[in-house]
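Given next are the chains, with one letter for each unit.
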Amino acid sequence: MENIYGFTHYSFFTEMSELALKHNSFDLSLGLPDFDIDPRLKYYLKESADLCNHNYEPLAGNPMLIESIIRFNSRRKNNLQLKKEEISVVPCATFALHTSLKSILSQGDEVIIIQPSYYTYGPSIVLNGGTPVYYDLDCDFSINWEKLQKCISEKTKAIIVNSPQNPTGKIWTQNDWNELYKIIKDQEIYLISEEIYDTFCYDGLEHYSSFLHPDLKKRTFCIFSFGKMFHSTGWKVSYLLASEELTIKFRCHQQYISYSANSPAQYAVAKYLEVFDPAENQISMQRKRDIFNELIKNTPLEIEQKAQGSVFQIANFRNISKTMTDVEFSKWMTIEKKVACLPLSAFYHSRQNSDYIRFSFAKKDEVIIQALEHLRKYL
């Protein structure tokens, strides 16, 4: 594999999925849903095409979609009262992350990444002239605020947070945002808050956005994804919340990179958002998580903490092997045991091993059941 700026150019994530396909394994490695989207969403896309919505939308996004975003967020239990000047419709969460960093970074600025984390964070920082600084969560994947504070220097320009988190499934609470603000309030440090799994919070927990914090809001780029929310990742429509001042900076760069997102899909998402019930989404995905966690009890794999949110569950595999690395174990699982997963070390910059593997339960119920039944028999 080719390395660019010290990062693997071709994703290990793709390699594992290809390995699953090659060996005809149940693929629980990636968070790509294998079930259909809501027929109403497809209907609105067809309606959009019939209405000739095929040209560029405004830089900010389709005005109808922006109004739908305002109404949707006002209906949350922890509701957000938004102004249209704070909303930008973008092609995807990765674009929003990259462009947010471009809006604030100067050469040599440091950005703190909380690990384990998604693999695009580090490269996005480096491509924008910054330097990644890595903070590892404690063994139980909780945050030690004193240790995090020690990662902050006079060069720190931003911190990237993901909640609900991929891969651990942890959710940041109101208190967590308060603690974060305490340690950055006296410096000009920005927050990149990726909240793309916001509608997938379980066991009565509610998503609490960083954008609700009155002081963090002024320095936050808050990222959401309709692709994750509606299981339609290929549509490439997401949105960013930021203060008016930061939105202006963001759009200065956005206009030269993508300008606008998928126009027909923006119309369809705007219409669908008015009838979409996030509770149905949450119930469906929690059921899948619970099916997965109940059936995995019949295997030697150990769930130490149920995912609080997201569409991923991590499991400890050391009851099966004390000697294999998590990469070796993941490949062995995929090839020999016919169930694909990802090693947790893939979510770290430099860590080569861990005790954990990650599964996705964003799959058809029958696929989850068949995969876990297979593991029950052959692990």
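Owing to the predicted nature of the structure, the values given are computational and were not obtained by experimental measurement.

About the cut-offs
- Residues numbered from 1 in each chain as written.
- Predicted model: local features only at pLDDT ≥ 70, side-chain atom pairs only at ≥ 80, totals over all residues.
- Heavy atoms only, no water.
- Helix = DSSP H or I, 4+ residues; strand = E, 2+ residues; numbered from the N terminus.
- Rg over C-alpha atoms; globule rule 2.2 N^0.38 Å.
- Buried < 20%, exposed > 50% of the residue type's maximum accessible area, 1.4 Å probe, protein only.
- Pairing = 2+ DSSP bridges.
- Axes fitted to C-alpha atoms, helices over the stretch in contact; angles between N-to-C directions.
- Contact = heavy atoms within 4.5 Å.
- Arc of directions from axis to C-beta.

Engineer: Sorry, what's going on with the overall build of the protein here?
Structural biologist: Along its length, the protein carries 13 helices and 14 strands. Expected size for 379 residues packed as a compact globule is a radius of gyration near 21 Å; at 20 Å, the protein falls within 12% of this value. With the principal axes as the frame, the protein shows a C-alpha extent of 55 × 55 × 40 Å. Within the span of the protein, comprising 379 residues, buried residues form 57% of the whole.

Engineer: Honestly, the sheet that holds strand β4 (residues 87-90) in this entry has me stumped. Any pointers?
Structural biologist: Remark on secondary structure: sheet strands pair via backbone hydrogen bonds, oriented parallel or antiparallel. With respect to topology, seven strands assemble into an open sheet ordered β4-β10-β9-β8-β7-β5-β6, the strand pairing being mixed. The two strands at the open ends of the sheet, each matched to only one other strand, are β4 and β6 (131-136). Looking at each pair of strands side by side, their axes are set apart by 20 degrees on average, direction ignored. Of the strand pairs in this sheet, strand β5 (residues 110-115) and β6 are connected by six bridges, and their pairing is parallel. Within β6, the residue paired with isoleucine 114 across the bridge is tyrosine 135. Sitting on the sheet, helix α7 (residues 174-184) is in contact with β7 (156-162) and β8 (190-194), with an inclination near 170 degrees to β7.

Engineer: Which parts of the structure should I look at to understand helix α1 (residues 12-22)?
Structural biologist: The α-helix winds at 3.6 residues per turn, so residues separated by three or four positions along the chain end up facing the same way. Listed as buried for α1 are Phe12, Phe13, Met16, Ser17, Leu19 and Ala20. Mapping the buried residues of α1 onto a view down its axis gives an arc of 155 degrees, with all of them on the same face. Every exposed residue of α1 that faces more than 90 degrees away from the buried side is listed here: Glu18, Leu21 and Lys22. Of the surrounding secondary structure, the elements contacted by the buried residues of α1 are β3 (26-27), α12 (326-336), β12 (339-340) and β13 (342-343). Asparagine 24 lies just past α1 and shows a positive phi near 55 degrees.

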